[in-house]
Amino acid sequence: QVQLVESGGRLVQAGGSLRLSCAASGGTFSSLAMGWFRQAPGKEREFVAGISWTKITNYADSVKGRFTVSRDNAKNTVYLQMDSLKPEDTAVYYCAGRALLVVDTSNAYRYWGQGTQVTVSS
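So, a few notes on the structure that sits alongside this text. Residue positions are counted from 1 within each chain, in the order its sequence is given. Per-residue local features of the predicted model are confined to residues with pLDDT of at least 70, and side-chain atom pairs are confined, for both listing and counting, to 80 or more; whole-chain, interface and lining totals are unaffected and use all residues. The side-chain values count all of the structure's non-hydrogen atoms but skip hydrogen atoms and water molecules.

Another aspect to go through is the overall build of the protein. Starting at the N terminus, helices and strands are each numbered in turn, a helix being any DSSP run of H or I of at least four residues and a strand any DSSP run of E of at least two. Helices and strands together make up the secondary structure of the protein, namely zero helices and eleven strands. Across the protein, helices and strands are ordered from the amino to the carboxyl terminus as β-β-β-β-β-β-β-β-β-β-β. The quantity called the radius of gyration is restricted to C-alpha atoms. Its globule counterpart is 2.2 Å times the number of residues to the power 0.38. The globule rule puts the C-alpha radius of gyration for 122 residues at 14 Å, and the 13 Å found for the protein is close to it. In terms of overall dimensions, the protein has a C-alpha envelope of 40 × 30 × 25 Å along the principal axes. Counting only residues that meet the buried cut, the protein has 43% of its 122 residues in that class. By definition in these notes, contact holds between two residues if any of their heavy atoms fall within 4.5 Å. Expressed as a percentage of contacts within the protein between residues at least 6 apart in sequence, the contacts between residues at least 24 apart total 58%. Under the scheme applied here, a residue whose accessible area is under 20% of the maximum for its type counts as buried, over 50% as exposed, and between as partly exposed, the area being computed with a 1.4 Å probe on protein chains only.

Right, let's talk about the pattern of salt bridges for a bit. Put simply, a salt bridge is a Lys or Arg side-chain nitrogen that is within 4 Å of an Asp or Glu carboxyl oxygen. In this structure the tally under the stated criterion is four salt bridges. Of the charged contacts, one joins Arg38 and Glu46 as a salt bridge, the two residues approaching to 2.6 Å between their closest N and O atoms. For Glu46, a relative accessible area of 35% puts it in the partly exposed group. The salt bridge involving Asp89 is made with Arg66; its shortest N-O contact spans 2.8 Å. Here the residue Asp89 occupies a position in the loop between strand 8 (77-82) and strand 9 (91-99), and Arg66 occupies one in the loop between strand 6 (57-59) and strand 7 (67-72), the gap between them amounting to 23 residues. Given a relative accessible area of 0%, Asp89 falls into the buried group. Residue Arg66 is classed as buried on the basis of its relative accessible area, which comes to 11%.

Here is the rule: rings of Phe, Tyr and Trp (six-membered ring for Trp) pair when centre to centre is within 6.5 Å. Planes less than 30 degrees apart are stacked, more than 60 are edge-to-face, and the remainder are tilted. Counted under the stated rule, the structure contains five aromatic pairs. For the pair Phe37 and Trp112, a centre-to-centre distance of 5.2 Å together with 50 degrees between the ring planes defines the contact as tilted. Of the two residues, Phe37 is situated in strand 4 (residues 32-39) and Trp112 in strand 10 (residues 111-112); the sequence distance between them amounts to 75 residues. Seen from their ring centres, Tyr109 and Trp112 are 6.2 Å apart, and the 65 degrees between their planes marks the pair as edge-to-face. Within the aromatic cluster, the residues linked to one another by ring pairs are Phe37, Phe47, Tyr94, Tyr109 and Trp112. Note on criteria: charge over ring means Lys NZ or Arg CZ within 6 Å of the ring centre, with the direction from the centre no more than 35 degrees off the ring normal. The ring of Tyr94 carries Arg45 above its face, with NZ or CZ at 3.9 Å from the centroid. Lying over the aromatic face of Trp112, Arg45 brings its terminal NZ or CZ to 4.8 Å of the ring centre.

And the structure:
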C-alpha cells in the first residue's frame with residue numbers, strides 16, 4: 001500500500017510561486033504514474049498535471065506554461081512547481097498515484113494524499 005503526503009501549500013500573492021511536494025512511502029514509487037489534482041470550494045476535483053514513470057508529462061490547459069510537474073524517484077517524491085499564480089488557482093491540491101499511464105480522471109487513481117491548501121490572494 002502506497003502512502004502519499006503533500007506539503008508546501010500556503011498563502012501567496014498573485015504572480016508569486018510555490019512548489020508543492022508529495023512524498024511516497026510503502027510501495028514502488030518509480031513504477032507509478034503520478035497526478036496532481038485540485039479542488040476549490042463548491043467545485044469538482046480537477047486534473048492539474050501528471051507525470052508517468054518514464055517522466056512524460058501532461059497538463060491541464062489552465063496551467064500550461066505556468067506549472068511544471070517533476071519527480072525524483074531516488075527520493076520517492078513528485079513536485080509541482082507553480083509560477084505566475086492566479087487567484088483562480090486557489091484550491092486544495094492533492095497528489096495521486098496509479099499504475100501505468102497518467103490519466104485526467106480522478107477515479108482512475110488508487111492512491112491519494114490528504115491534500116495541501118494553496119491560497120492565492122489578489
